[in-house]
Each structure stands twice: as structure tokens, then as C-alpha cells.
Amino acid sequence: MKKTHSPPTKMALSGGSICCRLSLQRIGLFQHNWKSTGHYFPNTYLQSRLSPCRQYKASDSSQGIGRHVSSRLQVANVKYENFLKRKLPRFYKLYRTFTEGFKLLFQDGKEVSRIQTRLVTGKVTWEDLPYREMERLRQFRRDLIKAIPLVVISIPPFANYLVFVLMYYFPRQLLVRHFWTPQQQLEFRGFYHCQRAGHTGAVLQGIQDTGYQVKDSRLQSRLQDLCTQVQNGAHPKVADIHGVRALFSGPPLGMKRMNVEHMRHICPLLFLTPRLPGFLIGRRLNSHALELLLLDRALRRLGHHQLSDSELKQACYVRGLNSDDLDANQCREWLSQWLQVTAPLKGSEGSLLLHSMVLLSANYPRRFSGQ
């Protein structure tokens, strides 16, 4: 019998196919390493396992250095503050006021930026803002306008030294409220209120003189009686003010019908300069009246009983009342009456809102007329 042998070609083919597969796998690994790193190394797998360890150690080391530097700076700052407190107590007081002021200003800036983002993206409208956010925007804008001259002065080289001197000697004129001490806040608020209170008589006299132009004898009589009450030291009722409401939306006391001289006496009530052309004064008064009207609407939505004592005093002060000498209950009573006066007012009746700053604040907290 002849022995049959399997053809050697099949074994060769199978061996060749195995070699081919191994070559293809090697080529694939080479391509993968080439694409990921640009080079091929036999110990690529080992390097990929070791590199995260080196990265972790480097990042951990940098964080440790950062924490060490931060802790050393904090220690140095504490030593510096203790030195100032012992050796230079007056300068330390000024230093603390400025550092705390910058913190408060930075916090306000962040909050205002967040509110402005919501307004720009259309998530909320100005009319729908909560009271506290609307008040924060209003106050921050006024602070920013006041800070612009100081920023301009500090632009030239080495002018910052002059700025510090000016800030020290003229804090009321140059600094915003964040950098005032509590004593300075009371002092400066009293100073500004005395300035606007000095125009109360002129505003009342202007209302009385304008009242003679009213053709309706009944409205003329009501307006004259209202002015006489306030001039004689009485505090008017809400009904007395609403009784002459029609005269403040059209002639002769409407926002677009008042004479320029009368508007100049109203400007200090809102801490606005009267040294502008008449048409600009009218626009600014109308803008601030609408702003106050929207604030009142937001405050009614919130409820004035939700305000803290400091917020309550600030709300009364903005509306013409010197609230620093009053307690919280008196402020709450006055603010409640103010909101009753402005509740039915429309945008075209902003003049009555501005004149109410004099009518309601001139004699408070004296007794109401007729009581």
C-alpha cells in the first residue's frame, strides 16, 4: 500500500496566514501609536501607564505650593493689620473701611452683572424685577456715575497718590457709600437731606403760585388748601393729595407743563443738578419719576413689611423723608401712606409723585391734619 501524505502547501498556507495576521496586528498597533503620539515605541503601553502618575504628582505639587503661598500671604496680612492697629490706629480704621468697601463693591458688581445678564437674555423684564434687585441696580448706577470723575483723575501716571489724598480729605464728594464709615453715612445723609429740605418752601410756593392758573374753582380751592395745610405744619391725608390728582397730569403742573424754574427746585429732591438746560431737566425728572413708580409697584408686590429696618429707612430716604431720626414703626407707617398715594398713579402722573416727596415729608411725624 502506498502511504498518502497531506500536501505541505496547506501547512505552509496556514503558517503564512498566522504570520500575516500577526503582521497586520503589529501594523495596526503601530498606526494607533503613530496617530496618538506621532512616534512608535515598543514600551508605549508602559509609558501610558506611568504618565498619569507623573501628571498627578506635578499637579499635586503645584497645588501644595499654591496653598503654602496663600497661607503665608494670609499670615503676613494678619501681621500687617496688627501692626497698623497698634502703631497707626487712625490709618488702620481707614484701611479697614477701604478693604471692606472694596469687598462690598465687588459683591454688588457681581450681583448687578447677574441681573443685567438676565435682562439682556430676556429672561426677565425691568418691570418684573423683584424690588431688591431693582433697587440694587438703581443704586449701583448712581454710584458708578459718581465714581467716574475719580477714575478719570487716576488715569495719568503717578496720579493715584493724588487720588488717595483727595479721597482722604473729600470722602463725601469723591467716595461712594461703600467706603464711608457708619458715622460718615449718618453725617453725609443728613447733609444731603438738609440740601433738599432747603427747597421745600420754594416747591410749595411754586405749587401755590401755579394754583392761581387753574380755571376750575373747586380744584383751585383744594390745591390752595393743601398747600396751606403743609405750610402751617400739618401732615396731609392721602385723600387730600388724590383730590388734586388731575392737576398733575396736565396743565398746569404736569411733567411737560411745569415751568423751568419750578423744575429746578424739584431737582435737589432727587439729588439731581439743576444746572442743565430746561429740556434735559424735564427728561431727567420724568425718567426718575417713572423709576420710582416702578420701584413702588415692585415694593407692593413684595410687601413693605418684608423689608429689614435698614432697607425700610433707605426706602423712606429715597422718597424724601429723613428717616435716620425715626424708628422702624414710624418709617413703616410713612411708607405705607406713600404707597397708598402712588398706587393708582400712571406713568403720565409722575409729577404728583415728585411733589408728594415734599407734601408727605415736610411735616412728618407730626399729627395728621384734622386729627
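An account of the accompanying structure is given in this report. Along each chain, residue indices are assigned from 1 in the same order as the chain's sequence is written. Local features in a predicted model are, by the rule used here, given only for residues with pLDDT of at least 70; side-chain atom pairs are given and counted only at 80 or more, and totals for whole chains, interfaces and linings are based on all residues. To obtain the side-chain values, all non-hydrogen atoms of the structure were used and water was disregarded.

**Description of the overall build of the protein chain**
Thought 1: Across its full length, the protein chain carries 15 helices and 0 strands.
Thought 2: Working definition: with a 1.4 Å probe on protein chains only, accessible area under 20% of the residue-type maximum means buried, over 50% means exposed, and in between means partly exposed. For the protein chain, the proportion of its 371 residues judged to be buried stands at 35%.
Thought 3: When the accessible surface of the protein chain is totalled, it reaches about 23300 Å², and 60% of it is carbon and sulfur. Helix numbers and strand numbers start at the N terminus; a helix is a DSSP run of H or I with at least 4 residues, a strand a run of E with at least 2. Residue burial considers only the protein chains on display, and all accessible areas are found by Shrake-Rupley using a 1.4 Å probe.

**Examining the pattern of salt bridges**
Thought 1: Salt bridge criterion: a side-chain nitrogen from Lys or Arg within 4 Å of a carboxyl oxygen from Asp or Glu. Per the counting criterion, the structure on display carries 14 salt bridges.
Thought 2: E135 is the partner of R138 in a salt bridge, and the nearest nitrogen-oxygen pair spans 2.9 Å. You can see R138 and its partner E135 sitting in helix α4 (residues 131–153), 3 residues apart, about one turn around the helix. In terms of burial, R138 and E135 fall into one category: buried.

**So, the side chain of E135**
Thought 1: Overall, E135 belongs to the buried group, its relative accessible area being 13%.
Thought 2: Identification of polar contacts relies on pairs of N or O atoms within 3.5 Å, with a donor-acceptor requirement for protein atoms, meaning one able to donate a hydrogen and the other able to accept it, and with residues adjacent in sequence counted only if both atoms are side-chain atoms. Side-chain polar atoms of E135 contact the side chain of R138, separated by 2.9 Å.
Thought 3: Throughout, a contact is declared for two residues whenever any of their heavy atoms are within 4.5 Å. Dropping the residues within four chain positions of it, E135 is found in contact with L295, Q314 and V318.

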